[in-house]
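The residues making up each chain are set out below.
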Amino acid sequence: DAGVIQSPRHEVTEMGQEVTLRCKPISGHNSLFWYRQTMMRGLELLIYFNNNVPIDDSGMPEDRFSAKMPNASFSTLKIQPSEPRDSAVYFCASSITGGLQPQHFGDGTRLSIL
Amino acid sequence: DQQVKQNSPSLSVQEGRISILNCDYTNSMFDYFLWYKKYPAEGPTFLISISSIKDKNEDGRFTVFLNKSAKHLSLHIVPSQPGDSAVYFCAASDGRYGNKLVFGAGTILRVKS
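This report concerns the structure included in the present document.

**Observations regarding the overall build of chain A**
For step 1, the next point in the chain: A count of helical and extended segments in chain A gives 0 helices and 11 strands.
For step 2, the next point in the chain: Reading chain A from its N end, one meets helices and strands in the order β-β-β-β-β-β-β-β-β-β-β.
For step 3, the next point in the chain: The buried share of chain A, taken over its 114 residues, is 46%.
For step 4, the next point in the chain: Look at the contacts in chain A between residues 6 or more apart in sequence, and 54% of them connect residues 24 or more apart.
For step 5, the next point in the chain: In chain A, which carries 10 positive and 12 negative side-chain charges, the distance between the mean positions of the two groups comes to 3 Å.

**A word on the pairing of strand β4 (residues 31–38) of chain A**
Residues and elements named next belong to chain A.
For step 1, the next point in the chain: Summarising burial for β4: 7 of the 8 residues are buried, a large majority.
For step 2, the next point in the chain: Turn length for the β4-strand β5 (residues 42–50) hairpin, with the two strands adjacent in sequence and antiparallel, is 3 residues.
For step 3, the next point in the chain: Note: β4 against strand β9 (residues 88–95), 7 bridges, orientation antiparallel. Counted as the bridge partner of Leu32 is Ser94 from β9.

**Things to note about the interface of chain B and chain A**
For step 1, the next point in the chain: Tallying the contact residues gives 17 residues for chain B and 22 residues for chain A.
For step 2, the next point in the chain: With both chains or domains summed, chain B and chain A bury close to 1500 Å², and 58% of this area falls on carbon and sulfur atoms.
For step 3, the next point in the chain: Contact with chain A buries area across many residues of chain B, yet Tyr32(B), Asn99(B) and Lys100(B) alone supply 36% of it, more than any other trio.
For step 4, the next point in the chain: On inspection of chain B and its partner chain A, the count reaches 1 salt bridge.
For step 5, the next point in the chain: Close ionic contact of Asp56(A) with Lys100(B) constitutes a salt bridge, the shortest N to O distance being 2.5 Å.
For step 6, the next point in the chain: The tally of links from chain B across to chain A stands at 4 residue pairs in polar contact (both at pLDDT 80 or more).
For step 7, the next point in the chain: The set of elements that each furnish at least two residues to the side of chain B that touches chain A consists of β4 (32–38), β5 (45–51) and β10 (101–103) of chain B.
For step 8, the next point in the chain: With 4 residues, β4(B) is the largest single contributor of residues to the side of chain B that touches chain A.

**With respect to the sheet that holds strand β7 (residues 62–67) of chain B**
Residues and elements named next belong to chain B.
For step 1, the next point in the chain: The strand order across the open sheet built from 5 strands is β1-β3-β8-β7-β6, with neighbouring strands paired in antiparallel fashion. Sheet topology places β1 (4–5) and β6 (56–59) at the edges, where each strand pairs with a single neighbour.
For step 2, the next point in the chain: Of the pairings in the sheet, the one linking β7 to strand β8 (residues 72–77) comprises 6 bridges and is antiparallel in character. The residue bridging Leu66 from the neighbouring strand is Leu73, located in β8.

**Quick word on the layout of surface pockets**
For step 1, the next point in the chain: Space inside the largest pocket adds up to approximately 1200 Å³.
For step 2, the next point in the chain: Lining the largest pocket are 45 residues, and of these Gln37(A), Thr38(A), Arg41(A), Gly42(A) and Leu43(A) sit closest to its centre.
For step 3, the next point in the chain: Elements with a contribution of two residues or more to the lining of the largest pocket: β4, β5 and β9 of chain A together with β9 (86–93) and β10 of chain B.
For step 4, the next point in the chain: Considering every element that reaches the lining of the largest pocket, the biggest residue donor is β5(A), with 6 residues.

Criteria and cut-off values
Residue numbers restart at each chain and count upward from 1, following the sequence in its written direction. All chains are assigned letters beginning at A, and all ligands numbers beginning at 1, according to the order in which they are written. Totals for whole chains, interfaces and linings use every residue, but because this is a predicted model, local features are given only for residues with pLDDT of at least 70 and side-chain atom pairs only at 80 or more, for both listing and counting. Side-chain numbers come from the whole structure's heavy atoms, not from hydrogens or water. Numbering of helices and strands runs from the N terminus, with a helix taken as a DSSP run of H or I at least four residues long and a strand as a DSSP run of E at least two residues long. Relative accessibility decides the category of a residue: with a 1.4 Å probe and only protein chains considered, values under 20% of the type maximum give buried, values over 50% give exposed, and everything between is partly exposed. In what follows, a contact means two residues having at least one pair of non-hydrogen atoms within 4.5 Å. Here the positive residues are Lys and Arg and the negative ones are Asp and Glu; neither His nor the chain ends is included. Where a charge lies is defined by one atom per residue type: Lys uses NZ, Arg uses CZ, Asp uses CG and Glu uses CD. We call two strands paired when DSSP finds no fewer than two bridges between them. Take the accessible area each of two parts loses on contact, using a 1.4 Å probe, and add the two losses: that sum is the buried area. Salt bridges, as used here, are contacts in which a Lys or Arg side-chain nitrogen is within 4 Å of a carboxyl oxygen on Asp or Glu. Each polar contact in these results corresponds to two N or O atoms within 3.5 Å; when the atoms are within protein, one needs to be able to donate a hydrogen and the other to accept it, and residues that are neighboring in sequence are counted only if both atoms are side-chain atoms. As defined here, a cavity is a set of points on a 1 Å grid over the protein atoms alone where a 1.4 Å probe fits but cannot get out. A pocket is an open set with protein on both sides within 12 Å along at least five of seven lines, and residues line them when an atom is within 4 Å of a point. Grid points are joined across faces, edges and corners, and a volume is the space filled by probe spheres set on the points.

Below is the structure:
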């Protein structure tokens, strides 16, 4: 079975540019999570969706960050405009809602803003 | 406010011996706990979990122990193997918020051969 698929794996861009990260969750999973990992803050939850609806976006750092889930098999995390402090590894994870279900992670997108 | 704490940034263990990774939490509403393993350039991989109604869960070489009164859990790996060298994250969930997880900072485990 395919796991969570993230693209691109690496992104290098200049400050001020728009960045779009993509995620395809595991088929049948109805919860989707976006995380950011940095040395200073560790692994922090940015936003999560349940059945394509955003449930908690309290972790989104600023209005420059936005996330969408137009259907059950695709989500995007967008940063516009990007800043050097946004450099981090961004992970997407999915799970089945309810019960005691673990989240399954993609391999992440390493983002570098110059 | 760190709700999940892994106070040991790193641990070094000889191959074949036991590895014990520790995790403390502060939120008494947490009722589901998980351990993830992470290799460089990969995403965290689910390893083992435990519900708050249990105090022990075992899966092969991996055992997780939960002490609710102390708000403490630990992961035991026996015997440790060089392939176990990775970063281990402890995570906790409050069922009121679905599958939302709070992660600890991670512990780097090095198993020496």
